[in-house]
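Commentary on secondary and tertiary structure
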Amino acid sequence: APRVVIIGAGIVGTNLVDELVSRGWTDITVVDQGPLDVPGGSTSHAPGLVFQTNASKTLSLFARYTVEKLLSLEKGGQSCFNQVGGLEVATTPERLEDLKRKHGYATSWGIETRLMSADECLEIYPLLNKDLVLGGLHSPSDGLALAACAVQLLITRTRDAGVRYLGSTLVTGIEQADGHVTGVATRDGTLPADIVISCAGFWGVEVGAMAGVRVPLLPMAHQYVKTTAVPAQEGRNPLPNGARLPILRYQDQDLYYREHGERYGIGYYGHRPMPVVAASLGTTPKHVDEQNMPSRLKFTPEDFEPAWKLSQELLPALQQSKIAEGFNGILSFTPDGRPLVGQSPTLDGFYVAEAVWVTHSAGVARAVAEILTTGRSELDLSGCELSRFEQVQLTPAYVSETSQLDFVEVYDILHPFQPRESPRNLRLSPFHARQRELGAFFLEAGGWERPEWYEANAELLNHLPARWLPVERDAWSARYYSPIVAAEAWKTRTASAMYDMTSLRRLEVSGPGAVYLLTRLTTGDVSGKPGAITYTLLLDNHGGIRSDLTVARLLEDLFQVGANGPADLAYLAREARKQTAATPDLFVQVRDITGGTCCIGLWGPRSRDVIAAVSTDDFTSQGLPYLRAKRATIAGIPVTAMSLSWVGELGWEIHASAEYGLHLWDALWQAGQPHGVIAAGRGALYALRLEKGLRFWGTDMTTEHDPYEAGLEFAVQEGKEGYVGHAALKRRSRVTATRRLRCLTVDDGRSMVLGKEPVYIDRRPVGYVTSAAFGYAIGKPIAYAYLPNTVAEGDAAEIEYFGRLIHATVAAEPLYDPQMRRLRA
Ligand code: FAD
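Attention here is on the structure that accompanies the text. (Residues numbered from 1 in each chain as written. Predicted model: local features only at pLDDT ≥ 70, side-chain atom pairs only at ≥ 80, totals over all residues. Heavy atoms only, no water.)

Check the secondary structure of the protein and you find 17 helices and 42 strands. At 28 Å, the protein has a C-alpha radius of gyration in line with the 28 Å of a compact globule built from 825 residues. For the protein, with 825 residues in total, the buried portion stands at 60%. For the protein, the accessible area works out to roughly 31100 Å², and carbon and sulfur atoms hold 52% of it. Across the protein, 80 positive and 93 negative side-chain charges occur, with their mean positions spaced 3 Å apart. (Helix = DSSP H or I, 4+ residues; strand = E, 2+ residues; numbered from the N terminus. Rg over C-alpha atoms; globule rule 2.2 N^0.38 Å. Buried < 20%, exposed > 50% of the residue type's maximum accessible area, 1.4 Å probe, protein only. Areas by Shrake-Rupley, 256 points an atom, 1.4 Å probe, with all protein chains shown as cover. Lys, Arg positive; Asp, Glu negative; His and termini not counted. Charge placed at Lys NZ, Arg CZ, Asp CG, Glu CD.)

Here's what the structure looks like:
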């Protein structure tokens, strides 16, 4: 049996042990620097509010599992979850709207919630100030986790099952050999290990550093107080720490509340960010108690002053009480507000499960246990993967700035496309100067600045044919959008447009084992002659889609691979290392060449005229047919041209070494002027690809979907065997899939949705929107959604958008050019 060592006996570590034990793992040791009865981490003082609903499906379902699990943990007839329900109140019209959106998320993810009028809020929460509250969202299954108590029960039950616990034992090092973890060094000696999971909470940075792994989290203090007994509450809660009223959120003022018997507990996120360096806290003492623990810093009452006033306004009964005690408790924040879960990209066998709230703890623990047991988690982990960050996002300065922003914005109403204002301009394509000259509006992704549209194209709106005119949008869907996008879509479909595709990840896979590696890991046939391009999938061993790739064979032993996030690089590099170690003859290397290269997508029916003006190479449909790549020269610049398109039009991805980028842009721009070439942004690309039915990985498909469900069976090579995921696919087909990604068009031709909204058929929620955009060529909004397989083309559906039902129809897809005439022109 593999030897497992878990660092940290907080709510995450102990849940993980339990999940592993229940899956038959036997050789487990848990180490904590603190005493096991009160280890002294964040869990030891957590007030334990569990609000399940989140914009992220995965986080919501993590929370739902935590609720289930804690409800099932009992001692003396009392469970570790007090299901008092959760109430979020709105005191501004914006928040009231936002709660409608949140109700939509909850419905999409299968969590029951109800929008309430102000009167209804007062009925279930009489202490509220009725002059302040406009309405609320009630979630009956939310409640209070008794986290410290759950930890003790989990320790007892797993210790009885044979797990070793070492309390008051400081971990001082992680031992490794040949890129694999081998043990955990403690003050009292080394524990040999095959798998180490760091559940060290906000000490994650320090433990990660012992393994040479950058863990991008920032510990920060957050204020929590308890009041004296509130006279209005007298006798309501017989238990000293009991509660009957729903947990309460007042997000307009960064506050939340729970009852502690007759007293109130108040948490506040409105104060200045207070970052902490965990290493500065010293060693955990042998005896830890409520008042004295490393995760609890001295209260700074001046920071809480506004909160106390605001709380007395929202809950006037508090005016009869005082603040009895308070502390600045430490917890972890991350650059994107999500947890850090999974294996280190560089050290095999070293995992982390950190920056996890009590709310998500059991769900995260289950996911890690699933990965260790079966190789994959049932829920999509892409948003939580430790390996999701770009190099530039791992620097201490970046982590500090973005995590502090995450703290500040924790309860803010954030638009899904809202970019952060800083740090920006971290990664610029070589075309950036020209894009600025054209008035590009930039959004940021992975540190890259990506044009959404160009103000220089505003003038085109005057020439737009009537049927291409953009429709008026509601205020929410009009944010980070411009009608110029319609003009850019029009030009792409009727002339030619230059798209900056530099931020697309480009990997180079090379060596005598390159074909073997890609054959083993992908669903497609990548063994074609040099020049062949294959659109293919990376599956996990259960047939879930872990990524989609365009694999271009440039030479016998050299491939250029278009991939998705950094997790793809981590996966392919790890598999390449393993292959090279096991079979040196099949040596293979994976290198990220994104930063050293650039890419222009030149697409549109007149693109061939543009390129003919600057190249003598053969770009005809015979010289470079669809899905072929070749080296070529454009305006004297060596390029790799790939005949493929993200917008469904004739054209090429033109890749070049980065130093030629500006010259390449200028040459195509100039050559294109007589043919109406424009620069176009991602707004147009996003819409055009949806018209063409092109799926984006991460939203339209994840590991939760197999190729049949995602409508990507064409990417699975018939007759191919033995690749990762093949065994799982064997018995599946389009017919056996119980749900499928379907295309909906909006009946009124103008109501926009943005993604994640619930979809109803016959008034029952049956799925949710993955991607949505206005289809300019078809003149209607489009939404893709996973729907039951029984749904037929032409069926009516409804999409809930801010509480309003939008009528839509299931359509045959792709909506644009199903015969592929334009691509092959
Ligand atoms: P911890 O409980 O911190 O456990 C980590 C363990 O690792 C510690 O016991 C530590 O001793 C051990 N360790 C670290 N380094 C080493 C080492 N080198 N050697 C040995 N052992 C080591 N979350 C919610 O969901 N709802 C809430 O209402 C809520 N309220 C909060 C209020 C406050 C004031 C604070 C501070 C946090 C709150 N949280 C809440 C967050 C929540 O408490 C934490 O996210 C959660 O407890 C983290 O659990 P954990 O197991 O990851 O970490």
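Don't stop here, the text continues.
Moving on to helix H12 (residues 514-521). Where H12 is concerned, the buried positions are Ala514, Val515, Leu517, Leu518 and Leu521. Projected down its long axis, H12 carries its buried residues within an arc of 165°, all on one side. Where H12 is buried, its residues contact strand E27 (505-510), strand E28 (533-539), strand E29 (545-555), strand E30 (558-563), helix H13 (566-582) and strand E31 (589-592). (Arc of directions from axis to C-beta. Contact = heavy atoms within 4.5 Å.)

Once that is clear, we can look at the nonpolar core. Counting 57 residues, the largest nonpolar core has Tyr499, Leu685 and Tyr776 as the members making the most contacts within it. Membership of the second largest hydrophobic core comes to 51 residues, among which are Ala147, Ala150, Val356 and Ala365. (Core = buried A, V, L, I, M, F, W, Y, C linked by side-chain atoms within 4.5 Å.)

What follows deals with the packing of aromatic side chains. Scanning the entire structure with this criterion turns up 21 aromatic pairs. A ring pair is formed by Tyr268 and Phe304, whose centres lie 5.8 Å apart and whose planes are at 85°; its orientation type is edge-to-face. Placement of Tyr268 in strand E19 (residues 263-268) and of Phe304 in helix H7 (residues 301-314) is noted, with a sequence separation of 36 residues between them. You can call Phe304 buried: its relative accessible area is 1%. Three or more aromatic residues joined by ring pairs make a cluster, and in this case those are Tyr224, Tyr256, Tyr269, Phe327, Phe333, Phe407 and Tyr411. Over the ring of Tyr816 we find Arg493; its NZ or CZ atom is 3.6 Å from the centre of that ring. (Phe/Tyr/Trp six-rings, centres within 6.5 Å; stacked < 30°, edge-to-face > 60°. Lys NZ or Arg CZ within 6 Å of the ring centre and 35° of its normal.)

Before going further, it helps to examine the sheet that holds strand E39 (residues 764-775). The strand order around the closed barrel formed by 6 strands is E37-E40-E39-E38-E41-E42, and the pairing between neighbours is antiparallel. Going across the sheet, the axis of each strand differs from the next one's by a mean of 40°, ignoring polarity. Sheet topology note: the strand E41 (residues 796-801)/strand E42 (residues 804-811) ladder contains 6 bridges and is antiparallel. Its bridge partner being in E42, Glu798 is matched across the sheet by His807. Helix H3 (residues 93-109) rests against strand E38 (758-761), E39 and E41 of the sheet, and its axis sits at about 65° to E38. (Pairing = 2+ DSSP bridges. Axes fitted to C-alpha atoms, helices over the stretch in contact; angles between N-to-C directions.)

Once that is clear, we can look at the site of the ligand. Inspection of the region around the ligand gives 34 residues, with Asp32, Thr43, Leu49, Val356 and Thr359 positioned closest. Separating an oxygen atom of the ligand from a side-chain N or O atom of Asp32 is a distance of 2.6 Å. Contact distances for the ligand include 2.9 Å between a nitrogen atom and a backbone N or O atom of Gln33. Relative to its free-state accessible area of 1000 Å², the ligand is covered by the protein chains to the extent of 97%. (Near = heavy atom within 4 Å. Polar contact = N/O pair within 3.5 Å; in protein donor to acceptor, adjacent residues only side chain to side chain.)

This paragraph deals with the sheet that holds strand E17 (residues 247-250). Taken together, 9 strands build an open sheet; the order of strands is E8-E9-E7-E17-E18-E19-E16-E21-E20 and the sheet is mixed. In the strand order of this sheet, the two ends are held by strand E8 (114-117) and strand E20 (296-297), each with one partner. In this structure, E17 lies alongside strand E18 (residues 255-260), joined through 3 bridges in antiparallel fashion. Pairing of Leu248 across the sheet is with Tyr257, part of E18. Of the strands in this sheet, strand E7 (86-90), E8, strand E9 (135-139) and E17 are in contact with H3, which crosses E7 at around 145°. Against the sheet, H7 contacts E7, strand E16 (218-227), E17, E18, E19 and strand E21 (323-333), and its axis sits at roughly 125° relative to E19.

Attention now moves to the pairing of E30. With 5 of 6 residues buried, E30 lies mostly within the body of the structure. Pairing of E27 with E30 involves 6 bridges; the strand directions are antiparallel. What sits directly across from Arg505, in E30, is Ala563. With 5 bridges connecting them, E29 and E30 associate as antiparallel partners. Bridging across to E30, Arg553 finds its partner in Phe559. The hairpin turn running from E29 into E30, its antiparallel successor, is 2 residues long.

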